[in-house]
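Spelled out, the chains give:
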Amino acid sequence: MLLASGWLVQSKKQINLAANIGVAVREYQTNVGPADYILFVNKKPVGVIEAKREEEGIHLTVHEDQTEGYAKAKLRLIDNAPLVFAYESTDGVTRFTDYRDPKPRSRPVFTFHRPETFKNWLQEGKSLRSKFLELPTLPLTGLRYCQVEAITNLEKSFKQFKPKALVQMATGSGKTFTAITSIYRLLKFTKAKRILFLVDTKNLGEQAEQEFRRYVPQDDNRLFPELYGVTRLTSSFIPGDSQVYISTIQRLYSILKGIELDERDEEENPAEKSFTKKEPLPVVYNQRVPMEFFDFVVIDECHRSIYNLWKQVLDYFDAFQVGLTATPDNRTFGYFNQNLVCDYGYQKAVQDGVLVPYNVFEIETKITKEGAKIAMGEYVGKREKLTRKQFWQTADEDLTYTQKQLDRDVVNPNQIRLIVKTIKEQLPQIFTDRFTPSPLGEGAGVFEVPKTLIFAKSDSHADDIINIVREEFGEENKFCKKITYNADDPKGILNNFRNSYYPRIAVTVDMIATGTDIRPLEVLVFLRDVKSKSYYEQMKGRGTRTCSLEELRATGTPAAKLTKDHFVIIDCIGVEKSQKTDSRPLEKKPGMSLKEVLERIHLGDTSEDMLTTLANRLIRLDKQVNEKEKMSFAEKAGGQTINHVVKELLNAYDADTVEGIRLKVEGEMPGASPEQIQSTINEQLSTIVEKATDIFNDPDLRNYIIDVRKKYDQVIDTINADEIVKMGWVKDNKAAAEGLVDEFREWIEQHKTEITALQIFYEQPYRRRELSYKMIKDLVETIKTNKPLLAPLHVWQAYEQLEKVNGSTKNELIALVSLVRKVSGIDNTLTPFDKTVDKNFQEWIFKKQAGTLKYTEEQVHWLRMIKDYIANSFHVDRDDFQLDPFNKQGGLGKMWQLFGEETDEIINELNESLVA
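A few points on the structure. Keep in mind it's a predicted model, so treat the numbers as computed, not measured. Per chain, residues are indexed from 1 in the order of the written sequence. Where local features are concerned, this predicted model is filtered to residues with pLDDT of at least 70; where side-chain atom pairs are given and counted, the filter is 80 or more; whole-chain, interface and lining totals use all residues. To obtain the side-chain values, all non-hydrogen atoms of the structure were included, while hydrogens and water were left out.

1. Considering the overall build of the protein chain
Looking only at helices and strands, one finds 33 helices and 29 strands in the protein chain. Dimensions of the protein chain, computed from the C-alpha atoms along their principal axes, are close to 130 × 80 × 40 Å. Counting every position in the protein chain, which comprises 916 residues, the buried fraction comes to 54%. Whether two residues are in contact is decided by their heavy atoms: any pair within 4.5 Å suffices. Counting only contacts in the protein chain whose residues sit at least 6 apart along the sequence, the fraction spanning at least 24 positions is 69%. Here the accessible surface of atoms and residues is derived via Shrake-Rupley with a 1.4 Å probe, and residues count as covered only by protein chains that are part of the display. For the protein chain, the computed accessible surface area is about 41,100 Å², with 49% contributed by carbon and sulfur atoms. Helix and strand definitions here come from DSSP, where helices need a minimum of 4 consecutive H or I residues and strands a minimum of 2 consecutive E residues; each element is numbered from the N-terminal end. Type-normalised accessible area, obtained with a 1.4 Å probe on protein chains alone, sets the label of each residue: buried when under 20%, exposed when over 50%, and partly exposed for intermediate values.

So, in structure tokens, the structure goes:
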């Protein structure tokens, strides 16, 4: 261990401290007895190692006093100060104490620190933990309350020297921004050398890199990369001159193991994979990346991929660990020692107006729920999954398929089409404000589809959805696009979806299921089920971002009339009702996909079980593929056929092979000890295993095997028609809607005597003529500032779920007046205020003309203009006649021409009667 860490080991009888920067001397004499090892850096004693037998691993903390005694002792022939670095080690377990710390506390470490590290630490003087105590107070400018809380409590955790801390912040509340702010402070004020930002997919790494590159700290007007180096690792090379490193956990594992990693292996979240009992090989010490290379490791989406095989990557580094997640589970709390420094969940974020809430609209069809049956002899389509080549044949047996087989083994275009058609028909009812003026000036106008994300089960399923969406919506290619890792230019399409008018609808499998910020997104459609609770919360998080009206219009929804104050989940698969588990791996059935088997063997799990599993999969594949595909396999496998590869895999652990090697070795090593013979046998067996599995190091061959396997066997069911079983807002939302309406009513009642607009509603009817546009606007802002959940349109939607509503509202000001009229008892049914004004106007003008008075057509036109103005602005007075639409038609002067001295009386009457 010492040699690997860069130390030269010497005996006390042959000391040459000049032979190396770091020298470890055995049994060096002190005034309290010989120490197991004394560590010298540049000839000066700096540390001590107390070595113990393996079985003493559980007692190492008991031996700390003994180690400290040697550290404080006087060394023979040296006038030394107390040594500051101390270890207790069995070689299997090692603990380390830095006596420069304010409260020296031993901690487990992977191995020994390098001598160069001790040299640098001593030159710096104070330890990292000492510098924590000098962290200045956090400036509050530009930070949300939740971000201030997270950073402040995280730094408090550092000052208590806790090795792990967990930050829970709801998706969309600024986790990455918070982390970068904290990283900036650590680099500036504690002089941390290097910080690792760890992710589990390439996509998240690229996003994190972008956020670092555009971050500007509050106390400096330069961009982060102008102050500190930022490197995203894309190969096995790690430059030593950066301060921030961004990497996937897969890449870091491969670097520590010395294995090359293809970028395609970073596209999928490792938490999506199941694990067997036999884990791939553990990480070993890597001189290029010693354990002290990073001072801090910040783990994004830490609830997902830091367990099983990947946990050892984190155990390797002697660094503080900070976990970031929106959805921790019990494992996450356990891993981070229950040290939750920030608990800012989705509900809190919604209450604070940082995120928006959601409603669930359910579409359930018969085939989605029950599957269907195809009778023997029916003429059915068959399709290769990968090439999508179709052919037709009769079914040679009855085929009954279930919901789980739908879109995997069997595709029913009727089912997809019915769901898409229903979504198209329902969206205008769900988003009533999304109509652009008709080109011909007739009817309600053209409906603008809100930005919609559809979650599909697979790439093949996504393609089916896209084609049907384009057909049913009657739109062109750019209207609906696929954003998956296998799509052409996924980043470009994602950027357009986020910032441009097209695409209106995007279909994804997993690429933007997590960690992708799409503010204008207002609809999530689930056509796939999700069993993981945390993964589902992450997927829902795509819609939770707030978006101002200006941003909503600028990023692709110009017809929007209001700020985004909620989003809608359209549940077509029962995802809201399905049972969820805490951790993703538990949802998988025993066994692994072919892709996983290949990847695990590539990463070093060459156990007999794994090789046998792969051999069996390849035997099945050999029976399915055609001759051309077999030749392609051989070309990529260096001339080896599938059969030859299978034989090599099975031969590696064959009993006859093992016995043959044993006999051969025993014959070649007469007189050798049993241990030597067994060691040689193991070496030769390892060589056979390596030879059998070497070809799978090539990512092109692995991907070819995966892709060619995907080609086969989808039945296309065009026979069974589908039908809607149930449709509408989810009943579970009814209780939430009732709670929201009650809370709104209570808030109005509570403030009816202190807010002018509410006073007017609750006093005598004639006072309502005093109501002004500014009063209503101020009331809306007051509600949205103090109670974001009570935003008028949100309460309106709650009413829609509970009772019959007389029409839809044009904007939030009209919605608020309508709601207050309902709550205060003026209206029995929730009715848009403009409709109330229309009705009152009809009654007023009818009474006026009931006798001898008859208004001219021009007078009625002006009265209607005043009516429309009051419907939108709640009040009209003389000054308003200088504004549109009055000023363009003669203003107040024209009004006097038409009505003479009755002008003021008519204005007052309309103000009073129309808002009655």
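On we go.
2. Some thoughts on the state of the cysteines
A disulfide bridge is the covalent bond that connects two cysteines by way of their sulfur atoms. Any two cysteine sulfur atoms within 2.5 Å of one another count as a disulfide. For the structure shown, the criterion picks out 0 disulfides. The thiol of Cys302 is unpaired, and the distance to the nearest cysteine sulfur, on Cys342, comes to 12 Å. Among the cysteines around Cys547, which has no disulfide bond, Cys146 carries the closest sulfur, lying 18 Å off. Overall, the relative accessible area of 2% leaves Cys547 in the buried class.

3. Comments concerning the pairing of strand β13 (residues 320-325)
β13 sits mainly inside the fold: 6 of its 6 residues count as buried. Side chains of β13 alternate between two faces, with Phe320, Val322 and Leu324 and Gln321, Gly323 and Thr325 buried alike. Pairing geometry for strand β8 (residues 164-169) and β13, over 5 bridges, is parallel. Paired with Ala165 across the bridge in β13 is Val322. Here the term right-handed applies to a crossover when the path leading from its first strand over the helix to its second strand runs clockwise, the strands being oriented away from the viewer. Tracing the backbone out of strand β12 (residues 296-299), into helix α9 (residues 311-316) and back to the parallel element β13 gives a crossover that is right-handed. Following DSSP output, two strands are said to pair if at least two bridges run between them.

4. Re the environment of Ser305
Looking at the element boundaries, Ser305 is found in the loop between β12 and α9. A relative accessible area of 4% places Ser305 in the buried class. Each C-alpha atom, one on Ser305 and one on Lys595, is 18 Å from the other, the two residues being 290 residues apart in sequence.

5. Things to note about the pattern of salt bridges
Any Lys or Arg side-chain nitrogen located within 4 Å of an Asp or Glu carboxyl oxygen qualifies as a salt bridge. Tallying each qualifying case throughout the model produces 45 salt bridges. A salt bridge links Lys482 to Asp463, with the nearest nitrogen and oxygen atoms 3.2 Å apart. In this pair, Lys482 is assigned in strand β24 (residues 480-482) and Asp463 in helix α14 (residues 459-473), connecting sequence segments 19 residues apart. Under the relative-accessibility criterion, Lys482 is labelled buried at 15%. Among the residues examined, Asp463 registers a relative accessible area of 22% and is labelled partly exposed. Among the salt bridges present, the one from Glu537 reaches Lys540, with a minimum N-O distance of 3.2 Å. Pair noted here: Glu537 and Lys540 are both in helix α16 (residues 533-540), with a separation of 3 residues, about one helical turn. Lys540 gets classed as buried once you look at its relative accessible area, which sits at 7%.

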